[in-house]
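One-letter residues, chain by chain:
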Amino acid sequence: MPGFGSGTAAEQRFNVNLSILFTELPLLERPAAAAAAGFSAVELWWPWVDSPTPERSELDALKRAIEDAGVRLTGLNFYAGQLPGPDRGALSVPGAESERFRANIDVAAGFAESLGCTALNALYGNRVDGVDPAEQDALALENLALAARAADRIGAVLLVEALNRPESPRYPLVSAAAAVEVVDRVNAATGLGNARFLMDLYHLSMNGEDLPSVIERYTPKTGHVQIADNPGRGAPGTGSLPLEDLLDQLRKAGYDGWIGLEYKPGASPSADTFDWLPVEQRAAR
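Residues numbered from 1 in each chain as written. Predicted model: local features only at pLDDT ≥ 70, side-chain atom pairs only at ≥ 80, totals over all residues. Heavy atoms only, no water.

## As for the sheet that holds strand β1 (residues 13-17)
Sheets are built from strands that pair by backbone hydrogen bonding, the pairs being arranged parallel or antiparallel. Read around the barrel, eight strands follow the order β1-β2-β3-β4-β5-β6-β7-β8 and close on themselves; strand pairing throughout is parallel. Between one strand axis and the next, the sheet turns by 30° as a mean value, whatever way the strands run. In the packing of helix α5 (residues 176-190) onto the sheet, the strands contacted are β5 (157-161) and β6 (195-200), and the crossing angle to β6 comes to about 165°. (Pairing = 2+ DSSP bridges. Helix = DSSP H or I, 4+ residues; strand = E, 2+ residues; numbered from the N terminus. Axes fitted to C-alpha atoms, helices over the stretch in contact; angles between N-to-C directions. Contact = heavy atoms within 4.5 Å.)

## Here's the deal with the side chain of N164
Examined against the element boundaries, N164 turns out to sit in the loop between β5 and α5. Overall, the relative accessible area of 0% leaves N164 in the buried class. In terms of polar contacts, N164 uses its side chain to reach the side chain of E167, at 2.7 Å. Excluding residues within four positions of it along the chain, N164 makes contact with V174, Y202, H203, M206 and N207. (Buried < 20%, exposed > 50% of the residue type's maximum accessible area, 1.4 Å probe, protein only. Polar contact = N/O pair within 3.5 Å; in protein donor to acceptor, adjacent residues only side chain to side chain.)

## As for the nonpolar core
Judged by nonpolar contacts, the single largest core of 89 residues is most densely connected at F14, M199, I227, L261, F274 and W276. With seven residues, α5 is the largest single contributor of residues to this core. (Core = buried A, V, L, I, M, F, W, Y, C linked by side-chain atoms within 4.5 Å.)

## A short note on helix α3 (residues 96-114)
When the terminal C-alpha atoms of α3 are compared, their 28 Å separation across 19 residues agrees well with the 27 Å that a helix rising 1.5 Å per residue should span. The largest bend along α3 measures about 35° and falls at N104. For α3, the complete set of buried residues consists of E97, S98, F101, N104, I105, A108, A109, F111 and A112. Where α3 is buried, its residues touch α2 (56-69), β3 (72-77), β4 (119-121) and α4 (133-153). G116 sits one or two positions beyond α3 and adopts a positive phi of about 70°. (Expected span 1.5 Å × (residues − 1). Bend = angle between axes of the 7 residues up to and from the residue.)

## Focus: the packing of aromatic side chains
Taken as a whole, this structure holds nine aromatic pairs when the rule is applied. An angle of 70° between the planes, with centres 6.4 Å apart, marks the rings of Y263 and W276 as edge-to-face. Of this pair, Y263 sits in the segment after β8 (258-261) while W276 is found in the segment after β8, placing the two residues 13 residues apart along the sequence. For Y263, a relative accessible area of 0% gives the class buried. By way of ring pairs, the aromatic residues F14, F22, F39, Y263, F274 and W276 are connected into one cluster. Just above the ring of W258 sits the side chain of R13; from NZ or CZ to the centre is 4.4 Å. (Phe/Tyr/Trp six-rings, centres within 6.5 Å; stacked < 30°, edge-to-face > 60°. Lys NZ or Arg CZ within 6 Å of the ring centre and 35° of its normal.)

## Some remarks on the pairing of strand β7 (residues 222-227)
With five of six residues buried, β7 lies mostly within the body of the structure. By the bridge criterion, four bridges tie β6 to β7 in an arrangement that is parallel. Within the sheet, the bridge partner assigned to D200 lies in β7 and is Q226. As paired strands, β7 and β8 are joined by three bridges and run parallel to one another. Considered in β8, the bridge of I227 is made with L261.

Laid out in structure tokens, this is it:
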């Protein structure tokens, strides 16, 4: 497809999510691969799905890989259970998972701080059979407030993301309004004002939302944007979403933050899926 070569979309800042792109490579080789493809910024889901508190040597090795590649870490998820996999977060799941999330808060915040990362994403978690949703929501607010305070200590925002119902049927935040309601509750609880909406245009489109309306209404509360085309969750141009127009609208609505590329490369090597974005637009300016 033609590149994002005109309009205000050409001025956006893009980063690569290394938990969905370049996964054909070992984790420690992905930052350099993103740099070789022309990008200067990356983001990550929590890389250690089995451990909220990995060994210091593992944290240090990833930090070195990011620094040696010359890229900036601009976004990081807190521990979210088995992701990719059946889980969609841990913070609203009573018992061991909630405790694992809490154990991860300072580890994730410390790692983010060590790399100058100022956005931490906290996935809400699935509904649990036999547990009152109100109990889960109360636990979620408690844990999100802890996470927001930790983020504030390092000068970061706390992101709350809406996913999509077809792929995450047990996840309760499957609309922009539901996620923003949680953002507002966290900010009211902490008084910090650093909870923000993560606007993932792929997930919202899967939910059938009116994306121009979402952008118009919620851009002021948005701390990060992620994109993939739909259907298929592939690169821009592989589906039917008017992503260039949507990014243009976001820019005009005042969003000047990062656009995270969180799409599946399909059968191609990840490095071959960026033709839609001219090389000169990949590095942050």
